[in-house]
Amino acid sequence: MAVFLIGLAAFMIFEWITLGFNLADGHPTAFYVVHGILIAVNLVLAAVLGVIGLRCLAQRGQRPPV
């Protein structure tokens, strides 16, 4: 599960940064505001998922085997 969360976070960061660079000119300002908010929220979500995944991976070696 931890590896999945880290992979998902990496994909989300790559996807949204790529989208941010690929936005074409000529759209109304509201378009850029909405997409800027979407990008910011998803980057924060990706960071949170990545931290959760890394913490789970770090704790994996500390637990006694079941």
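Use the structure listed above.
Sequence positions are assigned chain by chain, starting from 1 and proceeding in written order. Local features are withheld for residues below a pLDDT of 70 in this predicted model, meaning they are given only at 70 or higher, and side-chain atom pairs are given and counted only at 80 or more; totals for whole chains, interfaces and linings count all residues. Only heavy atoms go into the side-chain values, all of them from the structure, while hydrogens and water stay out.

1. Regarding the overall build of the protein
So, point 1. By the criteria applied, helices consist of DSSP H or I runs no shorter than four residues and strands consist of E runs no shorter than two, each listed in order from the N terminus. A tally of helices and strands in the protein yields two helices and zero strands.
So, point 2. Once the C-alpha set of the protein is aligned to its principal axes, its extents read approximately 60 × 15 × 10 Å.
So, point 3. For the exposure calls, accessible area comes from a 1.4 Å probe over protein chains only, and a residue counts as buried if that area is under 20% of its type's maximum, exposed if over 50%, partly exposed in between. Expressed as a percentage of the 66 residues in the protein, the buried residues total 18%.
So, point 4. In this description, contact between two residues means that some pair of their heavy atoms is separated by no more than 4.5 Å. Long-range contacts, defined here as pairs at least 24 residues apart, represent 69% of the contacts in the protein between residues at least 6 apart.
So, point 5. Only the protein chains shown count as cover for residues, and the accessible areas themselves come from Shrake-Rupley with a 1.4 Å probe. Just so you have it, the protein exposes about 5,100 Å², and 74% of that area is on carbon and sulfur atoms.

2. Remarks on the side chain of Asn42
So, point 1. One can find Asn42 in helix α2 (residues 29-60).
So, point 2. Residue classification places Asn42 among the buried residues on the basis of a relative accessible area of 16%.
So, point 3. Residues contacting Asn42, with those up to four places away along its chain left out, are Met12 and Trp16.

3. Let's talk about the packing of aromatic side chains
Within a pair of aromatic rings, the relevant descriptors are the distance that separates the centres and the angle that separates the planes.
So, point 1. Pairs were defined over the aromatic rings of Phe, Tyr and Trp, the Trp ring being its six-membered one, requiring ring centres within 6.5 Å. Orientation was assigned from the angle between planes: stacked under 30 degrees, edge-to-face over 60, tilted for the rest. Under the criterion given, the structure shown has one aromatic pair.
So, point 2. Ring plane angle 85° and centroid distance 5.4 Å describe the contact between Phe31 and Tyr32, whose orientation is recorded as edge-to-face.
So, point 3. Taking relative accessible area as the criterion, Phe31 reaches 24% and is therefore assigned partly exposed.
So, point 4. Classification of Tyr32 by relative accessible area gives partly exposed; the value is 30%.

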